[in-house]
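Fold and geometry: a report
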Amino acid sequence: MMDVGRHPRINLQTYSEIDDISGYIGNFHVTVRKKARYVDESECNACGECEKVCPVVAPDEFQEGFSSRKAIYMPFPQAVPSVYILNNDNCLGHNPIACGKCAEVCEKSCIDFDMEDQLVEVDVGAIIVATGMDVYDPTEMDEYGYTRYENVITSMEFERLISAGGPTEGHFMRPTDREVPKRIGFIQCVGSRTKNGRGNPYCSNICCMNTVKDSLLLMDHYPGTEIKVFYIDIRAFGKGFEDLYQRSKQAGVQYIRGVPGEVFEDPKTKNITLTVEDTSSGAIEDHEFDMVVLATGVIPRRDSEIVRKLLSLSRTEDGFFMESHPKLKPVDAPTGGVYFAGCVESPKDVKDSVTQASAAAARSEILLNAGEISVEAITSDLIVDNCTGCGICVRVCPFNAITGGDAKAKIPVEIVEAACKGCGTCAAECNFDAILMKHFEDAQIMAQVDSILDQDPMEKIVVFACNWCSYAGADLAGLSRMQYPSSQRVIRTMCSGRVDSSFILHAFEQGAPIVLVSGCHFADCHYIDANRWTVKRVEKLWDDLEKMGIRPERLQLEWISAAEGQKWTKTMKELEEMRQAVTEEEVEQTKKVLREARLKVEAKKKAKEPKEGAAEQAPAAATA
Amino acid sequence: MADNDLRVGVFVCECGSNIAGSVDCDAVTEYAATLPDVACAVKNKYTCSEPGQQEIKKHIKEHNLNRVVVASCTPRMHEPTFRQCVADAGLNPYLMEMANIREHCSWAHLSDRDGATTKAKDIVKVSVARARLLQPRIESELPVLKDVLVIGGGVAGIQTSLDLADAGYQVHLVEKEASIGGIMAALDKTYPTMDCSI
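Per chain, the residues get numbers from 1 upward, laid out in the order the sequence is written. Think of it this way: whatever chain is written first is A, whatever ligand is written first is 1, and the rest follow in order. Confidence filtering applies because this is a predicted model: local features only for residues at pLDDT of at least 70, side-chain atom pairs given and counted only at 80 or more, and all residues used for totals across whole chains, interfaces and linings. Computation of side-chain values covers all heavy atoms of the structure but excludes hydrogens and water.

So, the overall build of chain A
How we decide: Here a helix means four or more residues in a row that DSSP labels H or I, a strand means two or more in a row labelled E, and each is numbered from the N terminus. Radius of gyration here is computed from C-alpha atoms only, and the compact-globule reference equals 2.2 Å multiplied by the residue count raised to the power 0.38. Exposure is judged per residue with a 1.4 Å probe applied to protein chains only, and the accessible area is read against the type maximum: over 50% gives exposed, under 20% gives buried, and values in between give partly exposed. Contacts are assigned to residue pairs with any non-hydrogen atoms lying within 4.5 Å of each other. With residues, only the protein chains shown are counted as cover, and all accessible areas are computed by Shrake-Rupley using a 1.4 Å probe.
Helix and strand content of chain A: 16 helices and 29 strands. Relative to its length of 624 residues, chain A is extended, with a C-alpha radius of gyration of 32 Å against a globular reference of 25 Å. When the 624 residues of chain A are sorted by exposure, 53% land in the buried category. Residue pairs in contact within chain A that sit at least 24 positions apart in sequence constitute 68% of those at least 6 positions apart. Accessible surface, chain A: about 28,300 Å² in total, of which carbon and sulfur atoms supply 50%.

Encoded structure:
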């Protein structure tokens, strides 16, 4: 920590938040809000005189509320920077009648009650998100009595009570009578691996080993303490972990396989009794303790939503931020130039956090050191004249690469090419042909559809496959020599989000009996969640087709991953059966209906155009 | 560019017997030659091999080709290879199109030679239709700023900041609280070494 404070190349901004981030990989513009701490950071020498005279007493957050602090205080003794902070909510104010005592005694005049938030702008090439995690609050698990029974504490509170720097200077005592507890119970998985809607279904990774550590600390400080740990599984999977677990057992800590259903306090002794089924023996047992520690789990930071939105990141099901690839790119965010370090991505202990932090540093250095990046050539391009500024593309872009647009003011959108990853969802969603998706242009894809269907259309199935998953799944099927009928013709797009409704309707109008749109499973999409727009589009098409009397089943949607050669094969066989069931009359009818519908729309468009032209010409004629 | 200016070269790969085993590559090559704007259609044993690539380069020069279709394996495998190949011959790499007649055709229809051959012809035809409309594309280079932002000053933010700063980069470390340290700073000891957290 000290090294950070004195490093010449680290500009440390504490008590600061990110207000805004714009730009893209290699070129981010960041606005940092440096909140007013009412103490001049560069002048304060931590003499502590202010604290002595401050009359306000407030709970000390760092000590989990076990002790108090003043309204002007040092967050904790080893804080970096070693500078006081004035909590404006606690402070009585600088009106001399009210208080202002701290300012009077401060020899260096560091205290400025009128200090305001400052906005600091920085330009950076890369961003490391290391926003960490929060600890689960077990109050909602009422059966464990946390906050109802004083002698039930959390593992974070335990840390402060055993710490030499804590409120009791390391003398471990129970809150009710300040006696050293002789019998201590630990309940594992509090808020983790739950299925009842409270807490979280995932394993928090650190709590088993943390309890093992706690038990050893207790045995070290107070030999002979009776310690029982109630657990579902002890997960001691890391280097040196099993050793530590065995040491704890050898030191006399009892591990009992089973999690208590409820705990009760004896109103007189304030002791805690719990009932548990020891699942290794099947026996129902009562255990009485002087104190119970809840091994609370880890949750995504409650305030991480701000950073998530600013950087267009997504979350995995557990609420932690989603990495680019769970195995091969665990440190990269899906947004270019953004990397993860620590618990923001998943619960981690210190060692894993440090490991990922160094990995994030190295990954970002690849970018920073290169000095320049080549921008994807397959990006979207705005056809300004067609853009009405409706902004639908702004909404669908998973990478915030499109900004602006105002339909009323007729201001077109802007595309930031460097931020565009080329999924093509914008081009598919645009109703005005205002976006050209380079290398996957409408005309190119339409030419493929035409070419597939210009001979024997009844014999063919038109398949749209996304590059990363479904196309690769078809590759795997071939590689594995899985055999299926030869009727399908594949059109590759980068993402299923590129598949414009007009491509599908055109295919049906050209006589396609069956059309398949295939892409990545949700959460696997290489463009964050662009395939959610695919679903919306296909669902709308199903409705439209039905209204026009066309069987919606003829348009199929499948998620096929790069690993699912088998699913590809199975799908192709099923589609072939469907194709054979489509009759020529049905196709002819479809062609007719779609042609009529298209002509109607075109006629409407045409009817509009001359009107506008006439309106323009009219005044000119009048002047003539 | 007007359509009549297009000169497409089609290179059909046998991939040893991987493609030729179930697709009649001669028939595909002959068929390719009949497609619109196709200036030459050539069959290779292994198009990705050095001689195969030389053949492409030679024909680009000889026929002044401005579009290339390589009918071979999946673009996920050799697209970079053939893009580089046509670029070496002076053609924009985005004017090369691959027709996947191996993974999606010959290997998937091993015992259906007629079906596979018909499908391979179709795949080549569709690729030529697409290739005719391809446009040159440029991958532009953008400068990268050397500074880096670290959001969060817990143990991970501290470590990554120190690593980057030690490597010579200017780091801006932004921490929400009044001190760095995060949750780690509130821990007494940490496992497995049982030493102090700060």
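Description of helix α15 (residues 565-581) of chain A
Residue and element names in this part refer to chain A. The line we're drawing: An expected span of 1.5 Å times one less than the residue number is assigned to each helix. When we speak of the arc, we mean the arc of directions from the helix axis to the C-beta atoms.
Over its 17 residues, α15 runs 25 Å from end to end, which matches the ideal 24 Å to within 8%, given 1.5 Å per residue. Those residues of α15 lying buried are Gly565, Trp568, Thr569, Thr571, Met572, Leu575, Glu576 and Arg579. In a view along the axis of α15, the buried residues occupy a sector of 160 degrees, so they form one face of it. For α15, exposure combined with an orientation more than 90 degrees from the buried face picks out Gln566, Lys570, Glu577 and Ala581.

With respect to the pairing of strand β24 (residues 411-415) of chain A
Residues and elements named next belong to chain A. Note the cut-off: Two strands qualify as a pair provided that DSSP identifies no fewer than 2 bridges between them.
Here strand β23 (residues 402-406) pairs with β24 via four bridges, running antiparallel. Its bridge partner being in β24, aspartate 406 is matched across the sheet by isoleucine 411. With antiparallel pairing between neighbouring strands as the criterion, β23 and β24 make up a hairpin whose turn holds four residues, including lysine 410 at a positive phi of roughly 55 degrees.

Side note on the pairing of strand β1 (residues 8-13) of chain B
Residues and elements named next belong to chain B. Put simply, the rule is: We call a crossover right-handed when, viewed with both strands directed away from the observer, the connection leading from the first strand over the helix to the second proceeds clockwise.
For β1, the buried fraction is high: six of the six residues fall into the buried class. Residues Val8, Val10 and Val12 of β1 are buried on one face, and the alternating residues Gly9, Phe11 and Cys13, pointing to the opposite face, are buried as well. Both β1 and strand β3 (residues 67-72) contribute to a ladder of five bridges, which runs parallel. Residue pairing in the sheet places glycine 9 in a bridge with valine 68 of β3. The sheet contact formed by β1 and strand β2 (residues 38-44) spans six bridges and is parallel. Each bridged residue has a counterpart across the sheet, and for cysteine 13 the counterpart in β2 is asparagine 44. Once you follow β1 into helix α1 (residues 25-33) and on to β2, the crossover reads as right-handed.

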